[in-house]
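Structure at a glance
As a plain string of letters, each chain reads:
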Amino acid sequence: MGSDRSRIRCLGDVDWSCWRPRERATLLFVVQGDRILLMHKKRGFGAGKINGPGGRLEPGESALACAIREVEEELCVTPVGVEERGELRFQFADGYSLHGTVFSARDCVGEPHETAEARPLWTPIDEIPYDAMWEDDRLWLPHLLVGRRFDGRFVFDGDRMLDHEVRVRGSKATPARSDAAW
């Protein structure tokens, strides 16, 4: 079974019509005018990277409830004006798979504080440190910042992105897709 998984090198190696994630998670980005609330992840999946707050859904929890809970736990603020922006599907060469729902918020209540999980970073939008983030972020985060809804599929080998596809919902430039995963 491990040898089959090691052959996952591109989107075409995955049967997306029956793909099921091992885990579900969320990300939530608070965007206030010309700045965005990011965090330096201190532990867990993605430790050392900069990203938005988020994490895995608990049993019975909705994606929205998870996103809000994770921001409160990781940065000690409560997001307001939260909207779903996208869905991301990640398949890793080692067999791990993750479905992420991405949200944006127009503001937050409170001042962000460092926790055991993360150090908050208010960042000017034109200075987002993409080189310190997951490779896929630079492909879909700009869509979130201008209010577009999007979907993405990615194949990773560890931290390295091997293949990807991002579409903007409702975009005429979106290639036709027949599989149910979209």
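Below or above, wherever it landed, is the structure these notes cover.

What counts and what doesn't
Residues numbered from 1 in each chain as written. Predicted model: local features only at pLDDT ≥ 70, side-chain atom pairs only at ≥ 80, totals over all residues. Heavy atoms only, no water. Helix = DSSP H or I, 4+ residues; strand = E, 2+ residues; numbered from the N terminus. Expected span 1.5 Å × (residues − 1). Buried < 20%, exposed > 50% of the residue type's maximum accessible area, 1.4 Å probe, protein only. Contact = heavy atoms within 4.5 Å. Salt bridge = Lys/Arg side-chain N within 4 Å of Asp/Glu carboxyl O. Phe/Tyr/Trp six-rings, centres within 6.5 Å; stacked < 30°, edge-to-face > 60°. Lys NZ or Arg CZ within 6 Å of the ring centre and 35° of its normal.

A few words on helix α2 (residues 63-75). In this model α2 runs 18 Å from its N-terminal to its C-terminal C-alpha over 13 residues, within 8% of the 18 Å that 1.5 Å per residue would give. Those residues of α2 not exposed but buried are Cys66, Ala67, Arg69, Glu70, Val71, Glu74 and Leu75. For α2, the secondary structure elements touched by its buried residues are β1 (23-32), β2 (35-41), β4 (54-56), β5 (78-80), β7 (97-105) and β9 (118-124).

Once that is clear, we can look at the pattern of salt bridges. Counting across every chain of the model gives 19 salt bridges. For Glu87, the salt bridge identified is with Arg169, shortest N-O distance 3.8 Å. Taken together, the positions of Glu87 in strand β6 (residues 83-92) and Arg169 in the segment after β11 (160-168) put the pair 82 residues apart, joining distant regions of the chain. Measuring nitrogen to oxygen at the nearest pair gives 3.4 Å for the salt bridge that ties Asp151 to Arg167. Placement of Asp151 in strand β10 (residues 150-157) and of Arg167 in strand β11 is noted, with a sequence separation of 16 residues between them. The pair Asp151 / Arg167 is uniform in exposure class, with both members buried. A cluster of three or more residues bridged by salt bridges with shared partners is formed by Glu84, Glu87, Arg89, Asp151, Arg167 and Arg169.

Okay, the packing of aromatic side chains next. Scanning the model with the defined rule gives 11 aromatic pairs in all. Centroid distance Trp16 to Trp19: 5.4 Å. Interplanar angle 40°. Geometry classified as tilted. Given the relative accessible area of 9%, Trp19 is considered buried. Connected via pairs of aromatic rings, a cluster forms that spans Phe45, Phe90, Phe92, Tyr96, Trp134, Phe154 and Phe156. Taking NZ or CZ as reference, Arg35 lies 3.8 Å from the ring centre of Trp122, over its face. The aromatic ring of Trp134 is capped on one face by Lys49, whose charged end is 4.7 Å from the ring centroid.

With that out of the way, let us pick up the side chain of Asn51. Residue placement: Asn51 occurs in strand β3 (residues 50-51). Excluding its chain neighbours within four sequence positions, the residues that come into contact with Asn51 are Leu27, Phe29, Leu38, Met39, Met133, Trp134 and Asp137.

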